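The lines below spell out each chain.
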Amino acid sequence: MSRTRTLAEVYRRFGEVDVAGTSPLYERVAVALSRSVEALRALEAVPARRRHPAVVLAALHDLALAGRAPALAAAYAAGDGEPAADAAIGTVLGTTDAVVDIAVRRRTRPDETGRCAVLYPAVAEAARRAGADAVGLVDVGCSAGLNLTVDRVGITFGDGPFLGDRSSPVQRSCSTVGDRPVPARAIPPVVARVGVDVDPLDVTDADDVRWLRACIPPDQPERRARLDAELALAATAPPLLLRGDVVDLLPDALARVPAHALPVVTTTWALSRLPPERRRRFLQRLEEAAAGRTVAWVSAEGVGVAPSVPTLGDRRASGHSIVSVAVLDRAGRPAEAVGRCWSRGRLLSWLADS
């Protein structure tokens, strides 16, 4: 009973605090699940680390999108919280094994919208510093590899420059603060796109695409539309995906970039998922690769997360992230902080000289 009571608190807080004001449907569903002893007991079949409401609600949404929970799908489509809550409880009780299976196999995917606004000027800056005429992108912790379309989107930076492709179906905006403008510099031609993840998602696989959609609450159509545009763009030139440990696979990923191009490794809030010793090993891998060719690393990570990246005197858990560029070669040039960003790239302060 104590386990059930604790789980009830987790779901109640998720509904009343975490998604309050952003997803009325999920607020109602999560609170309803927190009050259903039968549903909570059924959810105890999910391994403890996979019982988080975000995972279970995404699993329920996946079942609805797949046509395996028609009552829930209808309630979500109608945007009606009370029937959705009842249907969610019914789905948990009636398809417990399916919910458990999805929750165990899948992990929720963060919203990648906005990351290109951070990556674009940083990748262009890395190429400038290395004197590169072509680049190969290697995205670590790539999810579905949507970061690898960075050169193919259009980005408006506050009152500053427009970067990228004006005709792209994916258009983003990024607010800017600070005295230094975002450089109006284009990314050189991209000749390779490689994603490395323990569980990458293939934008050409229907099940993987459905799961990405399932990670967005059903009453957030604007986010769904943005995701659909990103998926369609990525599917026109799917990246090469490498599945496995991101540190161990890094040398293989770098080898996929042609010799005439600069490999640019990108990490956006990916290193925080690694223990500190693996983060250091990640940097060692980059340094080892740089003994044979110039390699660039662009990162956007929380303060103090990425090894060797300056913290600018900022405190950990300060609410923003450091954007950095490192060009690694035999000269051993250090990483430099080129910006601060907030809200996963929706607000950027550029720090480097233009």
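Rules used throughout
- Residues numbered from 1 in each chain as written.
- Predicted model: local features only at pLDDT ≥ 70, side-chain atom pairs only at ≥ 80, totals over all residues.
- Heavy atoms only, no water.
- Helix = DSSP H or I, 4+ residues; strand = E, 2+ residues; numbered from the N terminus.
- Areas by Shrake-Rupley, 256 points an atom, 1.4 Å probe, with all protein chains shown as cover.
- Phe/Tyr/Trp six-rings, centres within 6.5 Å; stacked < 30°, edge-to-face > 60°.
- Buried < 20%, exposed > 50% of the residue type's maximum accessible area, 1.4 Å probe, protein only.
- Lys NZ or Arg CZ within 6 Å of the ring centre and 35° of its normal.
- Pairing = 2+ DSSP bridges.
- 1 Å grid on protein atoms, 1.4 Å probe; cavity = no way out; pocket = protein on both sides within 12 Å on 5 of 7 lines; lining within 4 Å.
- Points joined across faces, edges and corners; volume = space filled by probe spheres on them.
- Axes fitted to C-alpha atoms, helices over the stretch in contact; angles between N-to-C directions.
- Parallel < 35°, antiparallel > 145°, perpendicular 65-115°, else oblique.
- Contact = heavy atoms within 4.5 Å.
- Nonpolar A, V, L, I, M, F, W, Y, C, P; charged D, E, K, R; others polar.
- Salt bridge = Lys/Arg side-chain N within 4 Å of Asp/Glu carboxyl O.
- pLDDT = per-residue confidence, 0-100.
- Core = buried A, V, L, I, M, F, W, Y, C linked by side-chain atoms within 4.5 Å.

This paragraph deals with the overall build of the protein chain. Regarding its fold elements, the protein chain presents twelve helices and eleven strands. In terms of principal-axis extent, the alpha carbons of the protein chain reach across some 65 × 40 × 40 Å. For the protein chain, the accessible area works out to roughly 15,100 Å², and carbon and sulfur atoms hold 50% of it.

In this section: the packing of aromatic side chains. Within this structure, the stated rule accounts for two aromatic pairs. Geometrically, the ring pair formed by Phe282 and Trp297 is edge-to-face, given 5.5 Å between the ring centres and 70° between the ring planes. Pair noted here: Phe282 is in helix H12 (residues 276-289) and Trp297 is in strand E8 (residues 295-302), with a separation of 15 residues, a long-range link. Exposure class is identical for Phe282 and Trp297. Each is buried. It is Arg166 that lies over the ring of Phe162; its NZ or CZ is 4.0 Å from the centre.

So, on to the pairing of strand E7 (residues 262-268). Two faces belong to every sheet, and in a regular strand the side chains alternate between them. The element E7 is largely enclosed, with a buried count of seven among its seven residues. Side-chain alternation along E7 places Leu262, Val264, Thr266 and Thr268 on one buried face and Pro263, Val265 and Thr267 on a second face that is also buried. Relative to E7, strand E1 (residues 135-140) is paired through six bridges, and the arrangement is parallel. Looking at the pairing, Val135 lines up with Leu262 of E7. Here E7 runs beside E8; their pairing, made up of five bridges, is parallel. Looking at the pairing, Val265 lines up with Trp297 of E8.

Let us look at the layout of surface pockets. Put simply, the second largest pocket is a space of about 150 Å³. What lines the second largest pocket is Arg107, Val140, Gly141, Asp197, Val198, Asp245, Val246, Ala270, Leu271, Arg273 and Leu274.

Let us look at the packing of helix H4 (residues 53-65) against helix H5 (residues 70-78). Two elements in contact, H4 and H5, have axes whose closest approach is 8 Å; the angle formed by their N-to-C orientations is 100°. Judged on the interaxial angle alone, H5 and H4 are roughly perpendicular. Where H4 abuts H5, its residues Leu60, His61 and Ala64 lie against Leu72, Ala73 and Tyr76. Grouping the constituent residues of the contact of H4 with H5 by class yields five nonpolar, one polar and no charged.

The next subject is the environment of Pro169. One can find Pro169 in the loop between strand E3 (162-164) and strand E4 (171-176). It is 31 Å that separates the C-alpha atoms of Pro169 and Ala255, two residues lying 86 residues apart in sequence.

Before going further, it helps to spend a moment on the pattern of salt bridges. Oppositely charged side chains are able to pair whenever their charged atoms sit close together. The final tally for this structure, using the stated rule, is 25 salt bridges. Asp228 is the partner of Arg213 in a salt bridge, and the nearest nitrogen-oxygen pair spans 2.9 Å. Residue Arg213 is located in helix H9 (residues 206-214), and its partner Asp228 is located in helix H10 (residues 221-235); the two are separated by 15 residues in the primary sequence. With relative accessibility at 25%, the residue Asp228 sits in the partly exposed group. When the shortest N-O distance is used, the salt bridge between Asp245 and Arg278 registers 2.7 Å. Of this pair, Asp245 sits in the loop between strand E6 (240-243) and helix H11 (250-255) while Arg278 sits in helix H12, and the two are 33 residues apart along the sequence. Residues joined in a network through salt bridges with shared partners are Glu125, Arg128, Arg129, Arg185 and Glu336.

For the protein chain, the mean per-residue pLDDT works out to 94, and 97% of the residues sit at or above 70. Averaged over each element, pLDDT in the protein chain is lowest for helix H1 (residues 2-18) (89) and highest for H4 (98).

The subject of this paragraph is the pairing of strand E5 (residues 190-197). Of all eight residues that make up E5, seven are buried, and the element is covered over most of its length. In this structure, E5 lies alongside E6, joined through four bridges in parallel fashion. Its bridge partner being in E6, Val194 is matched across the sheet by Leu240.

Turning to its location among the elements, Gly141 is positioned in the loop between E1 and strand E2 (154-157). Taking the C-alpha atoms as reference points, Gly141 and Ala78, 63 residues apart in sequence, are found 35 Å from one another. Beyond its immediate chain neighbours, meaning those up to four positions away, Gly141 contacts Val196, Asp197, Val246, Ala270 and Arg273.

Most often, soluble globular proteins have nonpolar side chains that are buried together. Formed by 52 residues in total, the largest nonpolar core has its most connected members in Leu33, Leu43, Leu60, Leu72 and Tyr76. It is H4 that contributes the most residues to this core, eight residues altogether. When near neighbours in sequence (up to four residues on either side) are disregarded, Leu33 contacts Tyr11, Ala39, Leu40, Leu57, Ile89 and Val92. With 38 residues, the next largest nonpolar core counts Ala126, Leu148, Trp269 and Val338 among its residues.

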